[in-house]
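# What the coordinates show
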Amino acid sequence: ATCIVTPDVGKGFTLNSVSCAHLHTNADSSTLLEIGRQSRQNVFDMRIGVDQGAADVTGVRVQGRNNELRVNTRGGFPDGRHVVFEETASGNQVNLLHRDAAFTAEKFVTDRAATPTNELTWAGTPPPIRTLEATAGEFVYIQRLFPAVLRIVGGNVSSVVLVRGDDHVSYPPATERELVLSVGDTVRITSTAPPRLTIIPVKM
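Quick look at the structure, then.

Each value, and the rule that gives it
- Residues numbered from 1 in each chain as written.
- Predicted model: local features only at pLDDT ≥ 70, side-chain atom pairs only at ≥ 80, totals over all residues.
- Heavy atoms only, no water.
- Pairing = 2+ DSSP bridges.
- Helix = DSSP H or I, 4+ residues; strand = E, 2+ residues; numbered from the N terminus.
- Axes fitted to C-alpha atoms, helices over the stretch in contact; angles between N-to-C directions.

## Some words on the sheet that holds strand β18 (residues 176–181)
The strand order β13-β20-β15-β18 describes an open sheet built from 4 strands, whose pairing is antiparallel. The open sheet terminates on both sides in strands that have one partner only, identified here as β13 (130–133) and β18. Neighbour to neighbour, the strand axes of the sheet diverge by 20 degrees on average, direction disregarded. As defined by bridge partners, strand β15 (residues 148–153) adjoins strand β20 (residues 196–201) across 6 bridges and the pair is classed as antiparallel.

Here it is as structure tokens:
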């Protein structure tokens with residue numbers, strides 16, 4: 001029930017270009033493209049869709065690293081199942097074309113990756129601005145899939161630390177602060193009374 005699979009074991013699948021003008025299925029619980037753990041530095045160009053009312057279909061499952069994907073979807077997938085980044089996926093770049101008037105990442109993409117370095121660009125509008133209530137003590141926020149501005153407001157914050165790889169940048173306490181975050185950036189906030197976070201996605 002999987003249409004195209006690239007290797008998950010062995011020496012790997014590397015430096016290839018794969019294109020499919022009409023990758024589709026009418027089989028329930030199927031997958032259109034599965035990019036295995038040993039797949040890296042490939043370019044995939046796919047037009048995907050679901051036919052004849054098939055249910056529980058996944059578009060693209062990504063397990064490899066440092067691949068580039070252009071995915072043009074005509075729909076039919078459950079929410080979050082057009083593209084799925086599995087736990088081993090890292091450093092992949094996906095450009096998603098779709099027909100919706102507005103873009104919401106959760107409708108199209110699920111990110112289960114252990115390393116938060118997969119990057120998403122898309123057609124249409126930026127995702128909605130969202131708010132998040134932090135918790136007291138040390139609260140950790142990780143920016144996934146796309147850059148964003150993180151606004152930290154209120155609470156009783158004693159420290160804010162931006163972590164990027166082995167680099168750490170510490171900021172003095174403030175009642176309000178804005179940080180520009182790249183994909184994979186981690187922010188550690190220590191407080192006795194938690195602040196409110198506002199995440200403003202940046203469309204690149």
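## Some details on the sheet that holds strand β19 (residues 186–193)
Spatial ordering of the open sheet is given by β14-β19-β16-β17, a layout of 4 strands whose pairing is antiparallel. The sheet is open, and its two borders are formed by β14 (137–142) and β17 (167–171), each paired with just one other strand. Geometrically, the sheet is characterised by an average inter-axis angle of 20 degrees between neighbouring strands, direction not taken into account. In the sheet, β14 pairs with β19 via 6 bridges, with the strands oriented antiparallel. Each residue of the ladder has a partner; that of F139, found in β19, is I189.

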